[in-house]
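# Observations on the model geometry
What follows is each chain in one-letter form.
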Amino acid sequence: MTRHMSTAVLAAALVAAAAGSAAGQESVKVGFVTELTGPWAFFGSSCVAGLKLAESTLNPAGKRKLEFVTIDNQTQPAQAVAAARNLDVQSKVIALSGPTSSDTALAMYGYAEQNKVPFVVPVAAFPQLTKPGTRYTFRLEPNAAGWGYAIVQFVAKQKPGAKIALVYSDYALMRAIAAGLKYQAPKSGVKIEPEIIFPQGSNDATVQAAQVRAANPDWVVVIGAGGFDNTLTNQLLDIGIKAEQIIHPFGITTQVKNWGKRSVGSLYGTFFDANLPELTAEGKKFVEDFRAANKRQPSYVENYCYVTAQVIRRVIDADPGAGDDREKFRAGMAALNTKESTSNIPIAFDKNGARKEYMYFMQIQDVTEDGYKSKQVYYTEWDPEVIPVYELVK
Amino acid sequence: MSDATLIILLSTLTTGLMLGVIFSLVAVGVTIIYGSIWMPNAANGQFFLLASLFVWSATVSFGLHPAFAALLVIGASVPLSYLLEATLVRRFYDVPNRNISYFVLTLGITQILAGIFSITYGVWSDQFQIPPIVAGVTMIGPFPIANNRLAAMLIAGALLAALFALLRYHKYGRALRAVFQNRDAAALRGVDVRGIYRMSFVLGNAVVFAGGVLFACAYSFDLTVAWTMAITAFAIMIIGGPGSVLGALVIGIVFGFTQAIVSIFASPTVAAFSYLGAMLVILLFKPSGLFAR
């Protein structure tokens, strides 16, 4: 009894000492520069909503406090760099994170690599963010050219020799997806006809929908930007393309809800979805908590920002020195071998900071006032350099 | 003619008409205001977007029927315009070269509205779509067209016709045209010039709002539509002749068809800047605009 008592007292003293030591240390600051206003405000705000859920469990007693300093970059690359510089020089953050737009992320990438500040990108798919020679940048989202590769893999498996129509908006992200798709298509025996590019600011696609229908493709890959994505989808459906023929490379909650009931049967790619059958217990709780707080289900954007916070926590937990030393933090990120707590998908980065990539294909089952139901129909994963991704998209 | 060819032909026609009537509405609204009070309203795109977003809120957030919501939003433009006229616009009526002052003023309004939309609607969604006014599809031969778009196109066409009749045959329209042509002479003939200024600001904005509302009925949209529409409306007004309502109406329709036709024979990308190219060429030969008097 006495021995048990003394062990308990010793243990309590050790815990208290550790807690005291953790409490005595300055918090580890991470600069979270994201899009809270401007054209990308929805994505940045959604990302912060995911981050906030992570923050609620990120600092248990006894651990050194991890603090995210969130700054709005106004969806402007110059503003993103200014915020990064301020966080680096003034706030002495250990790392940068936060952008959900490739444009702002690329601007921050330049700053981070040049100034040796670790940069954890949650959601920005432009391939060059992990180009060869990258040292301080680590990205959670698969690169966009890979999404195109994955679509071709899916189509070729469904119907060898299939023909797809490719319609997309002229944005860097969409061009990158199209580049991967066009590279892989002939190698997998998939034909692309027609390929139609819409300039930024397009409103109407009736004529092009008629051209697509005249070409009689097996699938139509639709990659519109913003509201035009939905117009494009509606006009294809209006003209007689079946929902089952439509593939969207990505689907976030607002998109799927706006596609609406008439899109039941159509397919979209994603990296996390509330309807995935194999979510972990934490993943299910994340979906429930997010829905309760935001009145909608989360998509991959919110998940990546939630997971980003956890990844940073794990790096600091694995090596307490990583909270004070950027080189140690970088080394911790490079050596990371963990899993997304929400879906058990592995997280490990290659020499360029890119993850082993993966994609789910979901088929919409129902769309209601509250959300949507979809089922997983395909899953694939690949090495990011299975296609010459950094050559395809400069 | 094969079904496929006929579908492409009919889709080109309907797209040209649909875009044309929307472009015309907005350009006519901008022209009415410019013609009377010399205000190049740089905020027209944001007003257009404001109307679209209000309809979205009324239908999606408050569950109103889209037709009722459309009327409500167009109606709401009247007190909003009166308020703006009373607080800001009328202060410049006696300022020499006030068009520059108005341009700067409306640029400020543009920035303020864009900021407000960004931190409100921009955070709620990345795209907006309202429920259809009329569900279903109508077949024109082999070509299916959504009833909703057909309805928006017909309403926009009817509004343009009513506006044209108002300006040509109603005494207010005649007074407005008199102010357009020579405000001093109009004043000598007993026209209440300041009253006409006020009425044209209200009418012009109501027409821009109508354009925004019908656009939201026909298409999904996002916050970037404001910039596209602002540039397009100015281009139409300049080609048609600043202050020429007929010019805005005709060139708006021509723009719609140009976009539709060029997009099929060249590409949507070429179509997007084809009318701006046309604007530059026309201005080389007729700098005052095609319909200027």
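Residues numbered from 1 in each chain as written. Chains lettered and ligands numbered in written order. Predicted model: local features only at pLDDT ≥ 70, side-chain atom pairs only at ≥ 80, totals over all residues.

## Considerations on the overall build of chain A
To keep things clear, this is the line we draw: Secondary structure counts use DSSP, requiring at least four H or I residues in a row for a helix and at least two E residues in a row for a strand, with both numbered from the N terminus. The reference for a compact globule is 2.2 Å times residues^0.38; the radius of gyration itself is calculated from the C-alpha atoms. In this scheme every C-beta is placed from the backbone, and a residue whose C-beta has 20 or more other C-beta atoms within 10 Å is buried, one with 12 or fewer is exposed, and one in between is partly exposed. By the convention adopted here, residues make contact when the C-beta atoms placed from their backbones lie within 7 Å.
What chain A contains, in helices and strands, is 13 helices and 14 strands. The C-alpha atoms of chain A give a radius of gyration of 22 Å, which matches the 21 Å a tight globule of 394 residues would have. The principal-axis extent of the C-alpha atoms belonging to chain A is close to 85 × 50 × 35 Å. Across the 394 residues of chain A, 55% fall into the buried class. For chain A, long-range pairs separated by at least 24 residues make up 70% of all intrachain contacts whose partners lie at least 6 apart in sequence.

## Considering the sheet that holds strand S10 (residues 267-270) of chain A
In a beta sheet, neighbouring strands pair by backbone hydrogen bonds and run either parallel or antiparallel. All names here are of chain A. The criterion, for reference: Strands are treated as partners if at least two bridges between them are detected by DSSP. Think of each axis as a best-fit line through the C-alpha atoms, taken over the contacting stretch in the case of a helix, with angles from 0 to 180 degrees between the N-to-C directions.
Read across the sheet, seven strands follow the order S7-S6-S8-S9-S10-S13-S14 without closing on themselves; strand pairing throughout is mixed. Since the sheet does not close on itself, it has two edges, and those belong to strand S7 (191-198) and strand S14 (372-382), each with one partner. Adjacent strand axes in the sheet meet at a mean angle of 20°, parallel and antiparallel pairs treated alike. Both strand S6 (residues 163-169) and S7 contribute to a ladder of six bridges, which runs parallel. Counterpart to Ile164 in the pairing with S7 is Ile192.

## Considering the sheet that holds strand S5 (residues 137-139) of chain A
Residue and element names in this part refer to chain A. Across the sheet, which stays open at both edges, the five strands sit in the order S2-S1-S3-S4-S5 with parallel pairing between neighbours. The outermost strands of the open sheet, each flanked by one partner alone, are strand S2 (66-72) and S5. The mean angle between the axes of side-by-side strands here comes to 25°, regardless of whether they run parallel or antiparallel. Sheet analysis places strand S1 (residues 28-34) next to S2, joined by seven bridges and oriented parallel. When the sheet's bridge partners are listed, Thr34 is paired in S2 with Asp72.

## Description of the domain arrangement of chain A
All names here are of chain A. The criterion, for reference: Domain ranges listed in this record stem from an automatic or a database domain assignment. Charged residues are taken to be Asp, Glu, Lys and Arg, nonpolar residues to be Ala, Val, Leu, Ile, Met, Phe, Trp, Tyr, Cys and Pro, and polar residues to be all remaining types, Gly included.
In terms of domain boundaries, chain A breaks down into domain 1 (7-142 + 281-355) and domain 2 (144-270 + 358-392). A separation of 30 Å is found between the C-alpha centroids of domain 1 and domain 2. Taken together, the 16 residues of domain 1 in the interface contact 16 residues of domain 2. When its residues are assigned to classes, the side of domain 1 that touches domain 2 shows nine nonpolar, four polar and three charged.

## A few points about the environment of Ala78 of chain A
All names here are of chain A. Inspection of the secondary structure puts Ala78 in helix H3 (residues 77-89). Look at Ala78 and you get exposed, because 11 C-beta atoms sit within 10 Å. As for Ala78 and Asp324, which are separated by 246 residues in sequence, their C-alpha atoms are 27 Å apart.

## Points about the nonpolar core
We count it as follows: Each nonpolar core comprises buried Ala, Val, Leu, Ile, Met, Phe, Trp, Tyr and Cys residues, the members being joined through C-beta atoms within 7 Å.
Judged by nonpolar contacts, the single largest core of 223 residues is most densely connected at Met108 and Val220 of chain A together with Val55 and Val213 of chain B. Looking at this core element by element, the count peaks at 17 residues for helix H1 (residues 3-37) of chain B. Residue assignment places this core across two domains, with domain 1 (7-142 + 281-355) and domain 2 (144-270 + 358-392) of chain A each supplying three or more. Met108 of chain A has contacts with Val33, Ala80, Val81, Ala84, Leu96, Pro99 and Phe119 of chain A, leaving out every residue within four places of it along the chain.

## With respect to the packing of helix H2 (residues 44-61) of chain B against helix H10 (residues 225-240) of chain B
Residues and elements named next belong to chain B. What counts is decided by this rule: In this scheme, roughly parallel covers angles under 35 degrees and roughly antiparallel covers those over 145, while 65 to 115 is roughly perpendicular and the rest are oblique. Note on convention: near helix rotated counterclockwise from far helix by under a right angle means a left-handed crossing. Clockwise means right-handed.
For the pair H2 and H10, interaxial distance at closest approach is 7 Å and the crossing angle is 130°. With respect to H10, the axis of H2 lies oblique. Here H2 runs over H10; the crossing is right-handed. Residues Asn44, Gly45, Gln46, Phe48 and Leu49 of H2 form the contact with H10, whose participating residues are Val225, Ala226, Trp227, Met229, Ala230 and Ala233. Residues of the contact of H2 with H10, tallied by class, amount to eight nonpolar, three polar and no charged.

## Quick look at helix H12 (residues 268-285) of chain B
Our working rule: One fewer than the residue count of a helix, multiplied by 1.5 Å, yields its expected span. Two axes enter the definition of the bend at a residue: one is fitted to the seven residues ending there, the other to the seven starting there, and the bend is the angle between them.
For H12 of chain B, with 18 residues, the first-to-last C-alpha span of 27 Å sits near the 26 Å given by 1.5 Å per residue. At Ser274 of chain B, H12 of chain B is deflected by roughly 35°, the largest bend along its length. Regarding H12 of chain B, the residues found buried are Pro268, Ala271, Ala272 and Tyr275 of chain B. The inward-facing, buried residues of H12 of chain B abut S7 and helix H7 (206-215) of chain A together with H10 and helix H11 (245-265) of chain B.

## Quick look at the environment of Ile196 of chain B
Residue and element names in this part refer to chain B. Within the fold, Ile196 resides in helix H9 (residues 193-218). The exposure class of Ile196 is buried, given the 23 C-beta atoms found within 10 Å. With 33 residues separating them in the primary sequence, Ile196 and Leu163 have C-alpha atoms 16 Å apart. Setting aside anything within four residues of it in sequence, one finds Ile196 in contact with Ser36, Ala175, Leu176, Val179 and Val191.

## Quick word on the packing of helix H5 (residues 144-158) of chain A against helix H6 (residues 172-187) of chain A
All names here are of chain A. Following both chains from N to C, one finds H5 and H6 inclined at 40°, their axes separated by 6 Å at the closest point. Judged by the angle between their axes, H5 and H6 are oblique. In the packing of H5 onto H6, the handedness of the crossing is right-handed. Contacts between H5 and H6 involve Ala144, Ala145, Gly146, Trp147, Gly148, Tyr149, Ile151 and Val152 on the former and, on the latter, Leu173, Ala176, Ile177, Ala178, Ala179, Gly180, Leu181, Gln184 and Ala185. Split by residue class, the contact of H5 with H6 holds 13 nonpolar, four polar and no charged.

## A closer look at the pairing of S1 of chain A
Residues and elements named next belong to chain A. For clarity, the threshold we go by: A clockwise path from the first strand over the helix to the second, with the strands pointing away from the viewer, defines a right-handed crossover.
Burial within S1 is extensive, with six of its seven residues counted as buried. The parallel pair S1 and S2 is bridged by helix H2 (residues 41-55), and the resulting crossover is right-handed. Across three bridges, the pairing between S1 and strand S3 (residues 95-97) is parallel. Considered in S3, the bridge of Phe32 is made with Ser97.

## Things to note about helix H10 (residues 281-294) of chain A
Note: α-helices contain 3.6 residues per turn, so residues at a spacing of three or four share the same orientation. Residue and element names in this part refer to chain A. Worth spelling out the cut-off: By construction, the arc corresponds to the directions joining the helix axis to the C-beta atoms.
Spanning 14 residues, H10 covers 20 Å between terminal C-alpha atoms, matching the ideal 20 Å at 1.5 Å per step. Three or more residues of H10 are buried, namely Gly283, Phe286, Val287 and Phe290. Along the axis of H10, the buried positions cluster into a sector of 100°, meaning they face one direction only. Turned more than 90 degrees from where H10 packs its buried face, Ala281, Glu288 and Ala292 sit exposed. On the buried face of H10, the contacting elements are H2 and helix H11 (300-318). Immediately beyond the C-terminal end of H10, within one or two residues, lies Lys295, with a positive phi of roughly 60°.

## Some thoughts on the pairing of S14 of chain A
All names here are of chain A. Strand direction decides the pairing type here: strand S13 (residues 357-367) and S14, joined by 10 bridges, are antiparallel. For Met359, the partnering residue across the bridge sits in S14 and is Thr380. The hairpin formed by S13 and S14 contains four residues between the paired strands.

## Some details on unusual backbone geometry
Residues and elements named next belong to chain A. A cis amide bond, omega -10°, links Glu193 with the succeeding residue Pro194. Along the chain, the position of Pro194 falls in strand S7. Residue Thr75 is not a glycine yet carries a positive backbone phi of 55°. Among the secondary structure elements, Thr75 is positioned in the loop between S2 and H3. A residue is classified by how many C-beta atoms lie within 10 Å of it, and Thr75, with 24 of them, is buried. Although it is not a glycine, Asn216 adopts a positive phi angle of roughly 55°. Overall, Asn216 belongs to the exposed group, with 11 C-beta atoms counted inside 10 Å.

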